[in-house]
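# Structure at a glance
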Amino acid sequence: MENELESKRVDVVRKLLMMSANKRIPLSKIYHNRLLFGIPEDFRDRVAEYPDYFRVVIEDDGKRVLELVNWDSSLSVSALEKEFMVAEDKVKKSIQISYETRQSIGVGYGG
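Just so we're clear, the structure is a prediction, and the values are computed from it rather than from any experiment.

### What about empty space enclosed by the protein?
Under the criterion given, the structure shown has one cavity of 30 Å³ or more. Computed from the structure, the largest cavity encloses a volume of approximately 30 Å³. Forming the walls of the largest cavity are Leu27, Ile30, Tyr31, Ile39, Pro40, Glu41, Phe43 and Arg44. With three residues, the top contributor of residues to the lining of the largest cavity is helix H2 (residues 27-32). Its residues placed into classes, the lining of the largest cavity shows six nonpolar, no polar and two charged.

### Topic: the pattern of salt bridges
The final tally for this structure, using the stated rule, is eight salt bridges. For the salt bridge of arginine 14 with aspartate 72, the shortest nitrogen-to-oxygen distance reads 2.9 Å. Taken together, the positions of arginine 14 in helix H1 (residues 2-19) and aspartate 72 in the loop between strand S3 (64-68) and helix H5 (79-94) put the pair 58 residues apart, joining distant regions of the chain. Taking the relative accessible area as the measure of exposure, arginine 14 reaches 6% and is therefore buried. Assessed through its relative accessible area of 22%, aspartate 72 is described here as partly exposed. Residues joined in a network through salt bridges with shared partners are Arg24, Arg55, Glu59 and Glu67.

So, how was this worked out
- Residues numbered from 1 in each chain as written.
- Predicted model: local features only at pLDDT ≥ 70, side-chain atom pairs only at ≥ 80, totals over all residues.
- Heavy atoms only, no water.
- 1 Å grid on protein atoms, 1.4 Å probe; cavity = no way out; pocket = protein on both sides within 12 Å on 5 of 7 lines; lining within 4 Å.
- Points joined across faces, edges and corners; volume = space filled by probe spheres on them.
- Helix = DSSP H or I, 4+ residues; strand = E, 2+ residues; numbered from the N terminus.
- Nonpolar A, V, L, I, M, F, W, Y, C, P; charged D, E, K, R; others polar.
- Salt bridge = Lys/Arg side-chain N within 4 Å of Asp/Glu carboxyl O.
- Buried < 20%, exposed > 50% of the residue type's maximum accessible area, 1.4 Å probe, protein only.

What follows is the structure, given as C-alpha coordinates:
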(Lines give C-alpha, C1' and ligand atoms only; values in the text may rest on other atoms or scores of the structure.)
Protein backbone atom coordinates (compact mmCIF):
# COMPACT_ATOMS: atom_id res chain seq x y z
CA MET A 1 0.00 0.00 0.00
CA GLU A 2 2.79 2.42 0.91
CA ASN A 3 4.71 1.59 -2.30
CA GLU A 4 1.57 2.27 -4.33
CA LEU A 5 1.19 5.69 -2.71
CA GLU A 6 4.88 6.43 -3.27
CA SER A 7 4.51 5.41 -6.92
CA LYS A 8 1.53 7.74 -7.37
CA ARG A 9 3.47 10.61 -5.82
CA VAL A 10 6.41 9.98 -8.14
CA ASP A 11 4.04 9.95 -11.12
CA VAL A 12 2.57 13.28 -10.01
CA VAL A 13 6.02 14.86 -10.03
CA ARG A 14 6.83 13.25 -13.38
CA LYS A 15 3.62 14.69 -14.85
CA LEU A 16 4.43 18.13 -13.45
CA LEU A 17 7.85 17.98 -15.06
CA MET A 18 6.32 16.83 -18.34
CA MET A 19 4.03 19.88 -18.31
CA SER A 20 6.84 22.31 -17.55
CA ALA A 21 8.50 24.35 -20.28
CA ASN A 22 11.89 22.61 -20.24
CA LYS A 23 11.05 19.45 -18.27
CA ARG A 24 12.63 21.20 -15.27
CA ILE A 25 11.24 22.75 -12.08
CA PRO A 26 13.21 24.26 -9.18
CA LEU A 27 13.04 21.91 -6.19
CA SER A 28 12.05 24.85 -4.03
CA LYS A 29 8.88 25.37 -6.12
CA ILE A 30 7.92 21.72 -5.81
CA TYR A 31 8.50 21.93 -2.08
CA HIS A 32 6.39 25.07 -1.67
CA ASN A 33 3.50 23.52 -3.62
CA ARG A 34 3.83 20.00 -2.24
CA LEU A 35 0.55 20.09 -0.32
CA LEU A 36 -1.40 20.88 -3.49
CA PHE A 37 -0.08 17.73 -5.13
CA GLY A 38 0.17 15.37 -2.16
CA ILE A 39 3.96 15.31 -2.21
CA PRO A 40 5.66 14.52 1.12
CA GLU A 41 7.89 17.06 2.83
CA ASP A 42 10.98 14.88 2.42
CA PHE A 43 10.54 14.40 -1.34
CA ARG A 44 13.71 16.39 -2.06
CA ASP A 45 15.66 13.79 -0.11
CA ARG A 46 13.97 10.88 -1.92
CA VAL A 47 14.69 12.11 -5.46
CA ALA A 48 18.00 10.23 -5.54
CA GLU A 49 16.04 6.96 -5.15
CA TYR A 50 14.60 7.44 -8.66
CA PRO A 51 17.53 7.99 -11.04
CA ASP A 52 15.51 6.57 -13.95
CA TYR A 53 12.99 9.40 -13.55
CA PHE A 54 14.74 12.42 -12.04
CA ARG A 55 18.04 14.24 -11.94
CA VAL A 56 18.95 17.18 -9.72
CA VAL A 57 20.83 19.87 -11.62
CA ILE A 58 22.58 22.72 -9.85
CA GLU A 59 22.39 25.90 -11.90
CA ASP A 60 25.07 28.60 -12.04
CA ASP A 61 23.29 30.60 -9.33
CA GLY A 62 23.27 27.56 -7.00
CA LYS A 63 19.57 26.83 -7.45
CA ARG A 64 18.73 23.11 -7.33
CA VAL A 65 16.44 22.14 -10.21
CA LEU A 66 14.64 18.84 -10.69
CA GLU A 67 14.88 17.57 -14.24
CA LEU A 68 12.92 14.79 -15.94
CA VAL A 69 15.24 12.05 -17.20
CA ASN A 70 12.83 10.04 -19.38
CA TRP A 71 9.57 11.01 -21.08
CA ASP A 72 6.79 8.49 -20.46
CA SER A 73 4.10 8.61 -23.16
CA SER A 74 1.65 6.70 -21.00
CA LEU A 75 1.66 9.58 -18.49
CA SER A 76 0.97 12.16 -21.17
CA VAL A 77 -2.55 10.86 -21.85
CA SER A 78 -5.26 12.60 -19.83
CA ALA A 79 -8.01 10.72 -18.02
CA LEU A 80 -10.52 12.21 -20.48
CA GLU A 81 -8.53 10.90 -23.45
CA LYS A 82 -8.29 7.45 -21.86
CA GLU A 83 -12.06 7.44 -21.29
CA PHE A 84 -12.66 8.44 -24.91
CA MET A 85 -10.36 5.70 -26.23
CA VAL A 86 -12.28 3.09 -24.24
CA ALA A 87 -15.61 4.47 -25.47
CA GLU A 88 -14.34 4.54 -29.07
CA ASP A 89 -13.28 0.88 -28.86
CA LYS A 90 -16.71 -0.06 -27.47
CA VAL A 91 -18.43 1.72 -30.36
CA LYS A 92 -16.21 0.03 -32.93
CA LYS A 93 -16.95 -3.38 -31.43
CA SER A 94 -20.70 -2.74 -31.26
CA ILE A 95 -20.98 -1.68 -34.91
CA GLN A 96 -20.51 -4.69 -37.09
CA ILE A 97 -21.35 -4.36 -40.76
CA SER A 98 -21.56 -7.41 -42.96
CA TYR A 99 -19.34 -7.78 -46.01
CA GLU A 100 -22.31 -7.44 -48.36
CA THR A 101 -23.49 -4.23 -46.70
CA ARG A 102 -20.02 -2.72 -46.86
CA GLN A 103 -19.83 -3.46 -50.57
CA SER A 104 -23.29 -2.03 -51.26
CA ILE A 105 -22.45 1.28 -49.53
CA GLY A 106 -18.93 1.42 -50.93
CA VAL A 107 -17.00 0.93 -47.70
CA GLY A 108 -14.00 -1.35 -47.62
CA TYR A 109 -10.98 -2.30 -49.66
CA GLY A 110 -11.10 -1.47 -53.33
CA GLY A 111 -14.80 -0.57 -53.01
